[in-house]
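# Summary of structural features
Below, each chain spelled out in residue letters.
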Amino acid sequence: MEEIEVLQPKNTDGNPTKGEKNRKPLVISIVFIFILLGIAGGLYYLYTGQQEENDENTAYLILEDNESLDDYEAYLKHFPNGLHAEEVKERYNRLQKMYSEWRGLAIGGTRYEYERFKKNYSNSILAYQCDIKIDSLDWIAAMEDGSPEAIATYIEEHPNGRYLSEASIAQEKISEAQPSDEEKIAIEMALSTFFKAFGNNDEETLNTCITPVMTKFLSKSNATKVDVAGIIARTYNEHIKSCRFALNNDYAIKKSRNEAGETVYHVSFSTDQYIERDNEGKTFGSYTAEATLTEQFKISSLTMTEASRR
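Now for a description of the structure that goes with this document.

Glancing now at the overall build of the chain. Scanning the chain from terminus to terminus reveals 10 helices and 7 strands. Looking at the chain residue by residue over its 310 residues, the buried ones come to 32%. If you take every contact in the chain between residues at least 6 apart in sequence, the share linking residues at least 24 apart comes to 49%. Element-wise, carbon and sulfur atoms account for 53% of the exposed surface of the chain, whose accessible area totals about 21000 Å².

Now the structure itself:
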């Protein structure tokens, strides 16, 4: 069987027909479009990849000197396999540990615990919070102690402390409450004279040492000079040959002002009593005493508590 040849129609001059001429540009156009799409796709891929890298770098830069857990979580959520992902995870875990420890301290940390936290996380913004906490704790301790040394220590250790103004005021008040050396000598002389007269049952000298009415003398309130002399006289009997008091050099003196603006001295001290007698009975007594003296160094109150005897 003979193969039939299909002949394309041609013009009489032998050139391609009009249909042939139209198909060639169409094929070229389709090929060109595919090339353009490939280039566009490649460019888009490069662009999106570059954009993602830029976004990651921006997110990473946000974390610089940043201790917000939310920002770290946002980075890890959007860039779990990012260039800095491992580093960010480590920093995130450290921050979680730090905040967990801080929550424990906030309940009631000690000075030592805040110092340790500050040492472990010295670059954290919480290190500054530790300084604030330590400052407060040191001020509370200084106020509870109340001594000039404690206030001075606070001022020395916290030259820019939050309570520096209060510390300066407290220091001034403490200074005002401290008697001068001359005042201390006058107070010691007044007490020494009184107890010597007490031991000798010397009513005349006793009257020169006390106010007309003592707010308290031993167990007696609002005791007049007559009351004081009578109480002392009753401590003696025919069996007691002598009595003397030895004041110990352990005076604690505070100075203040009363409602009338007058200076008042409050004195704590101890004294020992020695009794010579001709019968069985008490021969020794040790006492803690509290006395109040006026600015004229007159005793306006005196109480004594026996600590031991024999």
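One can expect most non-glycine residues to show negative phi and most peptide bonds to be in trans. Phi is positive for leucine 218, close to 55°, though the residue is something other than glycine. Note that leucine 218 resides in the loop between strand 1 (213-217) and strand 2 (220-224). Look at leucine 218 and you get partly exposed, because its relative accessible area is 25%. The phi dihedral of asparagine 222 falls on the positive side, at around 50°, and the residue is not glycine. Relative to the elements of secondary structure, asparagine 222 occurs in strand 2. Its relative accessible area of 52% is what places asparagine 222 among the exposed residues.

With that out of the way, let us pick up the side chain of aspartate 138. As for its position among the elements, aspartate 138 is in helix 5 (residues 126-145). Owing to a relative accessible area of 12%, aspartate 138 belongs among the buried residues under this scheme. The contacts of aspartate 138, once residues within four sequence positions are left out, are Arg111, Tyr154, Glu157 and His158.

Bridge analysis of strand 3 (residues 240-247) against strand 5 (residues 263-277) gives 7 bridges, and the strand direction is antiparallel. Considered in strand 5, the bridge of arginine 244 is made with tyrosine 274. In this sheet, strand 5 lies alongside strand 4 (residues 252-257) in antiparallel orientation, the contact comprising 6 bridges. By the bridge assignment for strand 5, serine 256 is matched with valine 264.

Right, let's get into the nonpolar core. Counting residues in hydrophobic clusters, the biggest one holds 33 residues, and the most contacted among them are Leu191, Phe194, Phe217, Phe269, Leu293 and Leu302. For this core, the secondary-structure elements that each account for two or more residues are helix 8 (181-200), helix 9 (203-209), strand 1, helix 10 (225-233), strand 3, strand 5, strand 6 (284-294) and strand 7 (299-309). Counting residues per element, this core draws most heavily on helix 8, at 7 residues. Counting residues in each nonpolar core, the second largest holds 20 residues, with Leu63, Leu76, Phe79 and Tyr92 among its members.

Now for the packing of aromatic side chains. Using the criterion set out here, one finds 16 aromatic pairs in the structure. Pairing phenylalanine 195 with phenylalanine 198 gives two aromatic rings, centres 6.3 Å apart and planes at 10°, and the pair type is stacked. In this pair, phenylalanine 195 and phenylalanine 198 are both assigned in helix 8, 3 residues apart and thus about one turn of the helix distant. Through pairs of rings, three or more aromatic residues link up here, namely Phe194, Phe195, Phe198, Phe217, Phe245, Tyr251 and Phe269. Sitting above the plane of the tyrosine 274 ring, arginine 244 keeps its charged end 4.4 Å from the centroid. In this structure, arginine 310 is placed above the aromatic ring of phenylalanine 284, and the distance from its NZ or CZ to the ring centre is 4.2 Å.

Conventions used here
- Residues numbered from 1 in each chain as written.
- Predicted model: local features only at pLDDT ≥ 70, side-chain atom pairs only at ≥ 80, totals over all residues.
- Heavy atoms only, no water.
- Helix = DSSP H or I, 4+ residues; strand = E, 2+ residues; numbered from the N terminus.
- Buried < 20%, exposed > 50% of the residue type's maximum accessible area, 1.4 Å probe, protein only.
- Contact = heavy atoms within 4.5 Å.
- Areas by Shrake-Rupley, 256 points an atom, 1.4 Å probe, with all protein chains shown as cover.
- Pairing = 2+ DSSP bridges.
- Core = buried A, V, L, I, M, F, W, Y, C linked by side-chain atoms within 4.5 Å.
- Phe/Tyr/Trp six-rings, centres within 6.5 Å; stacked < 30°, edge-to-face > 60°.
- Lys NZ or Arg CZ within 6 Å of the ring centre and 35° of its normal.

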